[in-house]
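Reading the structure
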Amino acid sequence: MGRSSSPRHMVLFPFMSKGHMIPFINFAHLLHERGLRLTFFTTPSNAPFVRLKLGPTPATLVELPFPEKFPGLPSGVESTDQLPSMSLFIPFVEAVKLLRSHFERVLENLPRIDCIVSDGFLGWTLESASKLGLPRLVLYGMNNFATTVSALLSRDRPHNNVSSDDQPFFVSSFPEMQFTKADFTPPFNDPEPSGPMHDFVMEQVISTSQSWGILANSFYELEPEYVDCWNKEFHPKSWCIGPLCLAEPPTAVEPPERPHWVQWLGEQEGPVLYVAFGSQAEVSPAQLLEIAIGLEKSNVSFLWAAPVRGGDKESWGDFEERIAKRGLVVRQWVHQSEILRHQKVQGFLSHCGWNSASEGLCAGVPLLAWPMLAEQFLNAKMLVEKLGVGLRIGRRGWVGRETVEEMVRELMLGENGKKAREKAKVLAEAAMKAMDEGGSSCCTLDEVIDSVCDHDSAIKDESSTNVQGPTDAEGL
């Protein structure tokens, strides 16, 4: 079929982790609204979640067979959320690479493809795209602040001149903000990085630098100086198309199917703190107990979506019975954005994963930042120090019950919490405006679609493996 009679066709392929799949699914909703044909890749055990979240979006869902037995991985694990420990991350990503042959076989038999949008953790898909002369867009699901600052740190290495993790230093282009090595995680903060995680990072850096563009889960007005810095200093171009959480369709679940926490929230007289640390963080039973006691002593109402990893109910004693009137612990998957949008929810104790942070920001809810891994420390720094929409509960290591109690009360009842709430509401309005018709993110996505599809023919003519950008790893 000719171009004039067939819709544009994009392939979407997220990494196997809920924090990565969710922005891809929301991105699919945006593409569907624009009339694109979609093919969405995942694996069998992840398919039910993807299918549920895609809802009425008519994407073709392709299930690639995950390796049944891989050294170091438990049988049946197809998502990082299912790993017994994040120490198994490297064996997991090595197993994911074995999907390549299946992926390429399916690509060869699909109707004309205009573009592949794949996860930043799936660097090998660049070669798959290049085989067919297709442009690859990279979606990490991150903001530009974390990406740009990490790139500047890796390129200029200002941290090599400090003597401790807490000694401040500056990164080039942004002398107004101080950083410490504690704001970064290995391998970024290592003076001489090496090892399997460094090798993995470098693989993704190189493949990203050779891709057509980066899709940022952010909006330009939130962080203009970091978008501009990236696009001046590094490759490929970053395009702000978010916050993608605002593309999530509203739920339409009526009683009696509505979850019990909806009724519980409606029954609370005062403001409620929402507590969630995502599905990746590993929190010790002892630390979870400190959190529980701190929440109890704060006398603030709270809804806690308990983490997948960590202590079990028995280790908390009769905690849940003691706080039953003003606290609720939920152990199943919850619709987080719906909770945050509830009028009773006025604060969010969060690990600062960017999906969660974006949902809180777009709901106008201030955050109590407790980062635990990856770029969460940079997200927390951005939210607290740059944007002023949150407070910081801890750096690294142990946080006692007294600190939890104090910071919860300050966020929910104190003057600093009030100021953060006011700023969060302003940014929530700006985020909505960016995603509305005529807004910056809406227009940027239209520009990306037109540009990458127009660029498609030129790429096929060139048959080049370097779609755009340098061949070295200087960019990140």
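Here we summarise the structure given alongside this text. (Residues numbered from 1 in each chain as written. Predicted model: local features only at pLDDT ≥ 70, side-chain atom pairs only at ≥ 80, totals over all residues. Heavy atoms only, no water.)

Attention now goes to the overall build of the protein. A tally of regular secondary structure across the protein gives 17 helices and 13 strands. By the compact-globule yardstick of 23 Å for 476 residues, the protein fits well, its C-alpha radius of gyration being 22 Å. The dimensions of the protein, computed from C-alpha atoms along their principal axes, are 65 × 60 × 50 Å. Evaluated residue by residue, the protein yields a buried proportion of 57% over its 476 residues. By element, 52% of the accessible surface of the protein is carried by carbon and sulfur atoms, the whole surface being about 19800 Å². (Helix = DSSP H or I, 4+ residues; strand = E, 2+ residues; numbered from the N terminus. Rg over C-alpha atoms; globule rule 2.2 N^0.38 Å. Buried < 20%, exposed > 50% of the residue type's maximum accessible area, 1.4 Å probe, protein only. Areas by Shrake-Rupley, 256 points an atom, 1.4 Å probe, with all protein chains shown as cover.)

Here we take up unusual backbone geometry. Cis geometry marks the peptide bond from Pro186 to Pro187; its omega dihedral reads 5 degrees. Here Gly242 and Pro243 are connected by a cis peptide whose omega angle stands at 5 degrees. Among the structural elements, Pro243 can be located in the loop between strand 7 (238-240) and helix 9 (260-267). In this structure, Ser173 is a non-glycine residue whose phi angle is positive, near 80 degrees. Mapped onto the secondary structure, Ser173 falls in the loop between helix 6 (144-156) and helix 7 (196-209).

To continue, consider the packing of aromatic side chains. Under the defined criterion, the tally for this structure stands at 22 aromatic pairs. Where Phe121 meets Phe200, the ring centres are 5.3 Å apart and the plane angle is 80 degrees; that geometry is what we call edge-to-face. Taken as a pair, Phe121 in the loop between strand 4 (115-119) and helix 5 (125-131) and Phe200 in helix 7 lie far apart in primary sequence, 79 residues in all. Take Phe200: its relative accessible area is 6%, and that puts it in the buried class. An aromatic cluster is present here, built from Phe15, Phe66, Phe89, Phe92, Phe121 and Phe200 joined pairwise through their rings. Sitting above the plane of the Trp239 ring, Lys237 keeps its charged end 4.1 Å from the centroid. In this structure, Lys381 packs its charged tip against the face of Phe179, placed 5.3 Å from the ring centre. (Phe/Tyr/Trp six-rings, centres within 6.5 Å; stacked < 30°, edge-to-face > 60°. Lys NZ or Arg CZ within 6 Å of the ring centre and 35° of its normal.)

Now for the pairing of strand 10 (residues 327-330). The alternating pattern of strand 10 places Gly327 and Val329 and Leu328 and Val330 on opposite faces, both of which are buried. Judged from the 4 bridges that link them, strand 9 (residues 301-305) and strand 10 form a sheet pairing that is parallel. From the neighbouring strand, Leu303 faces strand 10, where its bridge partner is Leu328. (Pairing = 2+ DSSP bridges.)

Attention now goes to the packing of helix 3 (residues 89-96) against helix 7. Contact geometry for helix 3 and helix 7: axes closest at 10 Å, N-to-C directions at 40 degrees. By the angle class used here, helix 3 and helix 7 are oblique. Crossing handedness for the pair helix 3 and helix 7: left-handed. Along its contact with helix 3, which presents Phe89, Ile90 and Val93, the element helix 7 presents Pro196, Met197 and Phe200. Residue composition of the contact of helix 3 with helix 7, grouped by class: 6 nonpolar, no polar and no charged. (Axes fitted to C-alpha atoms, helices over the stretch in contact; angles between N-to-C directions. Parallel < 35°, antiparallel > 145°, perpendicular 65-115°, else oblique. Left-handed = near helix turned anticlockwise from the far one by under 90°. Contact = heavy atoms within 4.5 Å. Nonpolar A, V, L, I, M, F, W, Y, C, P; charged D, E, K, R; others polar.)

Let us look at the sheet that holds strand 5 (residues 136-139). Ordered in space as 3-2-1-4-5-6-7, the 7 strands form an open sheet in which the pairing is parallel. Each edge of the open sheet carries a strand with a single partner, namely strand 3 (60-63) and strand 7. Averaged over all pairs of adjacent strands, the angle between strand axes in this sheet comes to 25 degrees, irrespective of strand direction. Relative to the sheet, helix 2 (residues 47-54) contacts strand 2 (37-42) and strand 3, its axis offset from that of strand 3 by approximately 170 degrees.

To continue, consider the side chain of Asn189. Residue placement: Asn189 occurs in the loop between helix 6 and helix 7. When its relative accessible area of 11% is taken as the criterion, Asn189 is described as buried. Among the polar contacts listed, one links the side chain of Asn189 to the backbone oxygen of Lys181, at a separation of 3.2 Å. Polar contacts involving the side chain of Asn189 include one to the main-chain carbonyl oxygen of Phe184, which spans 2.8 Å. Those residues in contact with Asn189 that sit more than four places away from it in its chain are His159, Lys181 and Phe184. (Polar contact = N/O pair within 3.5 Å; in protein donor to acceptor, adjacent residues only side chain to side chain.)

As a further point, take the packing of helix 6 against helix 8 (residues 224-233). In contact at an axis separation of 9 Å, helix 6 and helix 8 are set at 45 degrees when each is read in the N-to-C sense. Taken together, helix 6 and helix 8 sit at an angle that is classed as oblique. The hand of the helix 6/helix 8 crossing is left-handed. Mapping the contact onto sequence places Asn144, Phe145, Thr147, Thr148, Val149, Ala151, Leu152 and Arg155 in helix 6 and Tyr226, Val227, Cys229, Trp230 and Glu233 in helix 8. Residues belonging to the contact of helix 6 with helix 8 are distributed by class as follows: 8 nonpolar, 3 polar and 2 charged.

Spatially, the 6 strands line up as an open sheet ordered 10-9-8-11-12-13, and their pairing is parallel. Edge positions in the sheet fall to strand 10 and strand 13 (390-392), since each has one partner strand and no second. Direction aside, neighbouring strands of the sheet carry axes that sit 15 degrees apart on average. Across the sheet, helix 10 (residues 285-298) touches strand 8 (272-276) and strand 9, and the angle it forms with strand 9 is around 155 degrees.

In this section: the pairing of strand 2. Where a strand is regular, its side chains alternate between the two sheet faces. Here strand 2 lies mainly inside the structure; 5 of its 6 residues are buried. Pairing analysis gives 4 bridges linking strand 1 (residues 9-13) to strand 2, with the strands arranged parallel. Paired with Met10 across the bridge in strand 2 is Leu38. Assessed by its sense of winding, the connection that carries the chain from strand 1 through helix 1 (residues 18-33) to strand 2 is right-handed. Of the strand pairs in this sheet, strand 2 and strand 3 are connected by 4 bridges, and their pairing is parallel. (Right-handed = clockwise from strand over helix to strand, strands pointing away.)

That's the geometry; what it means functionally is another story.
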